[in-house]
Amino acid sequence: CPPSPSPSKDSLPFADQHDAMNAKQLPVMRHFLNGFLAPHSFGWRHAYAAARGTWGQSRGLAIADAFQVFLAAVLQARPVPVIYADPLDLIARVRLLPDEVDILALITCMRADRVPQARMIIGRLTGGCVPASVVRSGLELACMLEPHQSAQRPGRSPKLYTVA
C-alpha cells in the first residue's frame, strides 16, 4: 500500500495533535512505514538516517531499531494496511492521517503510563485485539524516549507491591 499521495480532508494539522517528541518520531515512523509497505522505496534507510540525525549515532540507531520492531508488530496485528503520508512530501509533513495519529498517540500514552487509553488505541489499530507483541515492543520503544510531561510526578514515589 503506497503512502497517501497528499493530505486528505481526513488529515489533521500536526501541531494540534502532538508534543515535540512526536515531531521527532514522525519522519522515522513514516519512512519505516514506507519501507514496510513500499519496499522499493528503501524507506528503512531513510528511517535509520533520520533517527541517527535526531538522537545521535548510538541512541538514534537503538530507537530506530525499536521503532521498526514496534511498527512490524502493529502491521502484523492489523487487519488492513496503515494509511500514512509520504515522508518526502513537503505539504504532507505538517498534516497527520488518522492511522498516524493513533500510532503516535499510542506511543505518547505508553510514555505517559496511561494504560486505559493505550489499550483503547491498540484495539483501534488492530481491529479489537491487544496483541502482546504490540504492547511489549511499544513499551520497549517508549522506555527509550523521554517520558511524557504527564508521567513525571514530582514528590511522589511509586507504590511497589510484591507479587507472589
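Residues numbered from 1 in each chain as written. Predicted model: local features only at pLDDT ≥ 70, side-chain atom pairs only at ≥ 80, totals over all residues. Heavy atoms only, no water.

A. Layout of the environment of G123. Take G123: it is sitting in helix α5 (residues 115-126). Classification of G123 by relative accessible area gives buried; the value is 15%. A C-alpha to C-alpha distance of 9.6 Å links G123 and R78, two positions 45 residues apart in sequence. Ignoring sequence-local partners within four residues, the contact set of G123 consists of G128 and C129. (Helix = DSSP H or I, 4+ residues; strand = E, 2+ residues; numbered from the N terminus. Buried < 20%, exposed > 50% of the residue type's maximum accessible area, 1.4 Å probe, protein only. Contact = heavy atoms within 4.5 Å.)

B. Looking closely at the confidence of the model for the protein chain. Averaged over all residues, the pLDDT of the protein chain is 85; the fraction at 70 or higher stands at 79%. Mean pLDDT per element in the protein chain: strand β1 (residues 12-13) is the minimum at 48, and helix α3 (residues 57-77) is the maximum at 97. Taken as a whole, residues 4-9 scores under 50 in pLDDT and shows 11 contacts with residues more than four places along the chain or in a different chain. Per-residue pLDDT stays below 50 along residues 11-16; that stretch engages in 18 contacts with residues further than four places along the chain or on separate chains. (pLDDT = per-residue confidence, 0-100.)

C. Seen up close, the nonpolar core. M29, F67, F70, L71, I103, L106 and L141 are the most contacted members of the largest nonpolar core, which has 39 residues in total. Looking at this core, the elements with two or more residues in it are α1 (20-37), α2 (43-55), α3, α4 (98-111), α5 and α6 (132-144). With nine residues, the single largest contributor to this core is α3. Setting aside chain neighbours within four positions, we find M29 in contact with F67, L71, E100, I103 and L104. (Core = buried A, V, L, I, M, F, W, Y, C linked by side-chain atoms within 4.5 Å.)

D. Quick peek at the packing of α3 against α4. Where α3 meets α4, the closest approach of the two axes is 13 Å, and the angle between their N-to-C directions is 120 degrees. When the interaxial angle is binned, α3 and α4 end up oblique. Considering the relative orientation of α3 and α4, their crossing is right-handed. Contacts from F67, F70 and L71 in α3 reach I103, L106 and I107 in α4. Of the residues that constitute the contact of α3 with α4, the class distribution is six nonpolar, no polar and no charged. (Axes fitted to C-alpha atoms, helices over the stretch in contact; angles between N-to-C directions. Parallel < 35°, antiparallel > 145°, perpendicular 65-115°, else oblique. Left-handed = near helix turned anticlockwise from the far one by under 90°. Nonpolar A, V, L, I, M, F, W, Y, C, P; charged D, E, K, R; others polar.)

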